[in-house]
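Now for the letters of each chain:
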There are 2 protein chains.
Amino acid sequence: MTQSHATSCAMDSILRLLMGPWTSYILWILQSEGPLRFGALKRKVPGISAKVLTERLRLLEEAGVIFRDYKPTIPPQVTYGLADRGKELAEVFKTLNTIGRRWAEEDKMEKAGKAA
Amino acid sequence: MTQSHATSCAMDSILRLLMGPWTSYILWILQSEGPLRFGALKRKVPGISAKVLTERLRLLEEAGVIFRDYKPTIPPQVTYGLADRGKELAEVFKTLNTIGRRWAEEDKMEKAGKAA
DNA sequence: TAAAGTAGGTACTATATAGTAACTATGAGT
DNA sequence: ACTCATAGTTACTATATAGTACCTACTTTA
């Protein structure tokens, strides 16, 4: 049995989406830099391959978290940006980020205390 | 290059923790049912193996999200429950859950609208 | 004497998927 | 004629890890 049985809550589908590799980083960039073209976005996420970036963007678009604006010029122009749902998520991100920072702080203090 | 390079933000480590298989489900149960013994918890997460449950619990404990209370009786009694950090996360969970539910609602409406 | 329950640990396998490299069409520039 | 850029796609490989099955020590109960 795979875990799909047990993942009944709505939150889980969001987590599953967000947790793909690079995903949170991609959203973070789109949130802080605004809409970007594929190539520009790829350059902002050093190390990601076109394949994986495409994969992630497709999933995020399908979930309605980002929009995709395709202009069939030559060469084509494809722009990605946060949709309403993405902006909603960005708020939660900020909370998680704050919590994460505080935890890291606490852990550091704890370690320093033990070392003393 | 693996993605570790790119995951600089604090939020990411939390997401990475939460997203392990079953993890959010485990936390959800501990939040709604209170502290549970290993066996009881395992029974509440149908389909999970002892190995994976142990693995997840260890990670959550290491992150300070849950506590582990070990009593070396025979047979041993080990109780797990939400620590302060876990309760903090539970708040974010509720937000995500609400958002997830609304999205699912919206998606359903959308689909119904298209079908008509 | 044997089975069952506790809380796991160990060894192995199977599979999903991240990563790599090469390829697509089109046009612009030199 | 050749290269570069765009926005991907396709085919292949490599690896991390979820899953399965079996093991531990000890006691209680039948």
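In what follows, the structure referred to is the one given above.
Residues numbered from 1 in each chain as written. Chains lettered and ligands numbered in written order. Predicted model: local features only at pLDDT ≥ 70, side-chain atom pairs only at ≥ 80, totals over all residues. Heavy atoms only, no water.

Chemist: Mind showing me how you'd approach the protein's contact with DNA strand C here?
Modeler: Close to DNA strand C lie 25 residues; K51 and E55 of chain A together with R37, R68 and Y80 of chain B are nearest. Near the protein, within 4 Å, the atoms of DNA strand C are sugar or phosphate in 79% of cases. One of the side-chain N or O atoms of W22 of chain A is found 3.1 Å from a phosphate oxygen in DNA strand C. When contributions to the surface near DNA strand C are tallied by element, the ones reaching two or more residues are helix 4 (50–62) of chain A together with helix 3 (38–44), helix 4 (50–62) and strand 3 (77–82) of chain B. Taken together, the residues of the surface near DNA strand C break down into 11 nonpolar, 6 polar and 8 charged. (Near = heavy atom within 4 Å. Polar contact = N/O pair within 3.5 Å; in protein donor to acceptor, adjacent residues only side chain to side chain. Helix = DSSP H or I, 4+ residues; strand = E, 2+ residues; numbered from the N terminus. Nonpolar A, V, L, I, M, F, W, Y, C, P; charged D, E, K, R; others polar.)

Chemist: Explanation requested: the sheet that holds strand 1 (residues 36–37) of chain A in the structure shown.
Modeler: All names here are of chain A. Strand order across the open sheet formed by 3 strands is 1-3-2, with antiparallel pairing between neighbours. Strands with a single pairing partner mark the edges of an open sheet, and in this sheet they are strand 1 and strand 2 (66–71). Strand contacts of helix 2 (residues 23–33): strand 1, strand 2 and strand 3 (77–82), with the helix running at about 90 degrees to strand 3, the strand carrying the most contacts. Packed on one face of the sheet, helix 4 meets strand 2 and strand 3 and runs near 115 degrees to strand 2. (Pairing = 2+ DSSP bridges. Contact = heavy atoms within 4.5 Å. Axes fitted to C-alpha atoms, helices over the stretch in contact; angles between N-to-C directions.)

Chemist: Explain the interface of chain B and chain A to me, please; I cannot follow it from the model alone.
Modeler: Think of interface size as the accessible area that goes away when the parts come together; that is how it is often given. Across the boundary between the two partners, chain B contributes 37 residues, which contact 37 residues of chain A. Of the roughly 3,700 Å² buried between chain B and chain A, counting both surfaces, carbon and sulfur atoms make up 71%. Counting every contact that joins chain B to chain A gives 6 salt bridges. Here chain B is connected to chain A by 16 residue pairs in polar contact (both at pLDDT 80 or more). Of all elements in the fold, only helix 1 (10–18), helix 2 (23–33) and helix 5 (84–115) of chain B reach the threshold of two or more residues within the side of chain B that touches chain A. The element best represented in the side of chain B that touches chain A is helix 5 of chain B, accounting for 15 residues. Of the residues assigned to the side of chain B that touches chain A, the class counts are 21 nonpolar, 8 polar and 8 charged. (Buried area = accessible area lost by both parts, 1.4 Å probe. Salt bridge = Lys/Arg side-chain N within 4 Å of Asp/Glu carboxyl O.)

These figures come from the coordinates and say nothing about function on their own.
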